[in-house]
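Coordinate analysis (summary)
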Amino acid sequence: VRAMAVEGLGDAPKKRVLAVVKDALADQQWQVRRAVIRSLIQLKDKSWQTAISNAMLSSNLDPSKEVFPLLEAIGVKKALPVMKKAFENPKMPQPHRYVEVLAEKGGDWLLKGFTMGLKLKQKQAREAFIERLPKLDLRQAAPLYKAVLSKQSAEIQKAVLDRLADHDEKLDVGFVKKLLKA
């Protein structure tokens, strides 16, 4: 009931409801906090960014079912800076859980998400992206491999090249020539 009430406030005038909506961020129930985030997005209040980033820091929330739908609702362009903030936090538990969701979503989530993730300063999070890199769907990851594979370790390059060699479907793998010359 509280969640529905808070989410409904997202349609009200911002000046009248913003303080009440933000107060609900402290609620113990995730359903209420999720509704608060939706309301903050609807009210165009940027505090939703910190709220989602904080949600990503919780090991109690399922990334694909509970947090990622909020990110999908705002789109890749707005979501990636929020995700980056969470990934750069050394207290982020198990970053591989979100790396896995990006890989499963594919498309721009995979391409732009992994491009961002491979540049992270936070070692544990960056390594989660590197570890998943050779196991990505080859059809979807080919443009990513073209852009970043030459900057990866020989071990990662070999793992990707082995998978490409065993792959039956036709893929644009012209980027492999550059690797072979290196």
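Provided above is the structure to which this section pertains.
The paragraphs below set out a description of the structure included in this document. (Residues numbered from 1 in each chain as written. Predicted model: local features only at pLDDT ≥ 70, side-chain atom pairs only at ≥ 80, totals over all residues. Heavy atoms only, no water.)

Quick look at the packing of aromatic side chains now. One pass over the structure, following the stated rule, counts three aromatic pairs. Ring geometry for phenylalanine 114 against phenylalanine 129: centres 5.0 Å apart, planes inclined by 85°, an arrangement best described as edge-to-face. In this pair, phenylalanine 114 sits in helix 8 (residues 107-117) while phenylalanine 129 sits in helix 9 (residues 123-132), placing the two residues 15 residues apart along the sequence. Look at phenylalanine 114 and you get buried, because its relative accessible area is 0%. For phenylalanine 129, a relative accessible area of 0% gives the class buried. (Phe/Tyr/Trp six-rings, centres within 6.5 Å; stacked < 30°, edge-to-face > 60°. Helix = DSSP H or I, 4+ residues; strand = E, 2+ residues; numbered from the N terminus. Buried < 20%, exposed > 50% of the residue type's maximum accessible area, 1.4 Å probe, protein only.)

On the secondary structure map, aspartate 27 appears in the loop between helix 2 (14-23) and helix 3 (30-42). Overall, the relative accessible area of 18% leaves aspartate 27 in the buried class. In the structure, aspartate 27 is positioned 115 residues away from alanine 142 in sequence and 43 Å away in space, judged by C-alpha atoms. Here glutamine 29 takes part through its backbone nitrogen, which lies 2.8 Å from a polar atom of the side chain of aspartate 27. (Polar contact = N/O pair within 3.5 Å; in protein donor to acceptor, adjacent residues only side chain to side chain.)

Turning next to helix 6 (residues 76-87). Over its 12 residues, helix 6 runs 15 Å from end to end, which matches the ideal 16 Å to within 8%, given 1.5 Å per residue. The complete set of buried residues in helix 6 reads Val76, Ala79, Leu80, Val82, Met83, Ala86 and Phe87. Of the surrounding elements, those touching the buried residues of helix 6 are helix 4 (47-56), helix 5 (63-74), helix 7 (96-105), helix 8 and helix 9. (Expected span 1.5 Å × (residues − 1). Contact = heavy atoms within 4.5 Å.)

Okay, the nonpolar core next. Core analysis: the largest hydrophobic core is formed by 57 residues, its most contacted members being Leu71, Met83, Phe87 and Phe114. Looking at this core element by element, the count peaks at seven residues for helix 6. (Core = buried A, V, L, I, M, F, W, Y, C linked by side-chain atoms within 4.5 Å.)

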